[in-house]
Amino acid sequence: MRLAVLLLAAVSASAQLDIDSQLADEIARIKAIDNHAHPVRPTFGNDKDTDFDALPVDSMEAYTEPVRTRAGSPLVPEADRALFGATRDVRARKQQLLQEKRESYANWVLDQLGIETMLANRVAMGPGLASPRFLWVPFEDAFMYPLNNGGLAAKNSDRKTFFADEERLLKRYLKECGLAAPPATLDLYLQKVVSPTLERHKRGGAVAVKFEAAYLRPLQFADVPRSEAARIYAGAHSLPAPEADYRRLQDFLLRFIASECGRLGLAVHFHAAAGAGGYFDVAGANPLLLEPLFDDPKLRSVNFAMLHGGWPFTHQLTPLLSKPNAYADFSQQTFVNYPRAVSEVIREWLEYAPEKVLFATDAYPFSDEMGWEEAGWVANSTGRQALGLALTEMMHDGEITRERAVELARMVLRDNARKLYKLN
Ligand SMILES: [Zn+2]
């Protein structure tokens, strides 16, 4: 009995295909466009970069980390060997490279990964992260929280930090508009703060905007009349708004921002997947909750990208790709999950709507050991492997030719993003 079980296991293991080697070579050569990442600005002396995320996840209550990203993960030394060579002191080697390359250090990292262009999801850009290698994706959640956030922040310690971060960012945006506090009426808030900031982001080189809303509330945004939103906004300057009313105002603001993005030609990115932390509301991050937004005729010309591909709701996400304005990337899955699991997701999407699938790394500075460089390396190699596995299986099952497999690889790694963001 035991032998039979072992034999069966051996058969099913060998039935899994390895990546077609010719295809793997082609995939390795394609210069990618990375749909979502958090590159760190090269800094010197006492300068420190804190703009790589609006809601940094380094001060959360303890939770059970996925195996691949835990401290001591073998993926980190593997990434370091590939990026920095055989050295005992990775930190010293990084410093040495940083001093050598100076402002071109981040470009050098992209070169090591075969990434031509990285969409940089950051509060602000800065020296060392220049276009065309890095394209800006600023954060807009802060606009949705102009009222008293005490009740929302009190829910748990992670949210307390997040709302403090959002309030700080809104202050920064207000200050950039010459204001110390939100204006008294919604009309003035939209005219004097929200629209001018979005326009400034566009002028600053933004190609898309990002919502981390899933860390703060569910991704269901009702279509709320402006008059109702205006009443809630104005009333709450004397008394804190009840939570249900405040959420209606947030819903209005999200849709207003999305329609402004349509006017300005900016795509709208959502974190749509499970996220970091033990309090993260996984059910509230299901991309199906975004469907009414995609289906709003007023927002049909706005392109939406579901970052991290809705994991673990990747299957439910698939039919959403038939909306003309909906896209998905497989970032984050590529460092949390193994290549085989990611390949199954990619295959399902490629069999359905290959024009809508985007490569991305979510390269993020998780810790001193797992910097954005290492995270980028892990996600880039797992992502290319997963893509290779998916295409090999599709070829093996007679669904596509080798030529089509190469074409699909180019679409996922760069051509789909080039069209979406109108890049050369
Ligand atoms: Zn991210």
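None of the values given here were measured: they were computed from a predicted structure.

A. Summary view of the overall build of the chain. Check the secondary structure of the chain and you find 16 helices and eight strands. A compact globule built from 424 residues should have a C-alpha radius of gyration of about 22 Å, and the chain, at 22 Å, falls within 12% of that. For the C-alpha atoms alone, the extent of the chain along its principal axes is close to 75 × 50 × 50 Å. In the chain, which comprises 424 residues, the proportion classed as buried is 55%. Counting contacts in the chain only where the partners sit at least 6 residues apart, residues at least 24 apart contribute 76% of the total.

B. Examining helix α7 (residues 157-176) more closely. Its 20 residues place the ends of α7 29 Å apart at the C-alpha level, agreeing with the 28 Å of an ideal helix rising 1.5 Å per residue. Looking at α7, one finds that the buried residues are D158, R159, F162, F163, D165, E166, L169, L170, Y173 and L174. Packing partners of the buried residues in α7 comprise α6 (150-153) and α8 (186-203). Among the residues of α7, the N-terminal cap falls to N156, whose side-chain oxygen and the backbone nitrogen of D158 are separated by 3.1 Å. One or two steps after α7, the chain reaches G178, where phi turns positive at roughly 80°.

C. Seen up close, the sheet that holds strand β5 (residues 267-271). Here five strands make up an open sheet; going across it, the order is β4-β5-β6-β7-β8 and the pairing parallel. Two strands in the sheet have a free side with no partner beyond their single neighbour: β4 (208-211) and β8 (357-358).

D. Structural detail: the pairing of strand β2 (residues 115-121). Burial of β2 is extensive: six of the seven residues sit out of reach of the surface. Bridge count between strand β1 (residues 32-37) and β2: four bridges; the pairing is parallel. Counted as the bridge partner of I33 is T117 from β2.

E. Helix α9 (residues 226-235), seen in detail. Every buried residue of α9 is accounted for by E228, A229, I232 and Y233. The arc enclosing the buried residues of α9, seen along the axis, measures out at 135°, which places them on a common side. Contacts from the buried residues of α9 go to α8 and α10 (243-264).

How each quantity is defined
Residues numbered from 1 in each chain as written. Predicted model: local features only at pLDDT ≥ 70, side-chain atom pairs only at ≥ 80, totals over all residues. Heavy atoms only, no water. Helix = DSSP H or I, 4+ residues; strand = E, 2+ residues; numbered from the N terminus. Rg over C-alpha atoms; globule rule 2.2 N^0.38 Å. Buried < 20%, exposed > 50% of the residue type's maximum accessible area, 1.4 Å probe, protein only. Contact = heavy atoms within 4.5 Å. Expected span 1.5 Å × (residues − 1). Polar contact = N/O pair within 3.5 Å; in protein donor to acceptor, adjacent residues only side chain to side chain. Pairing = 2+ DSSP bridges. Arc of directions from axis to C-beta.

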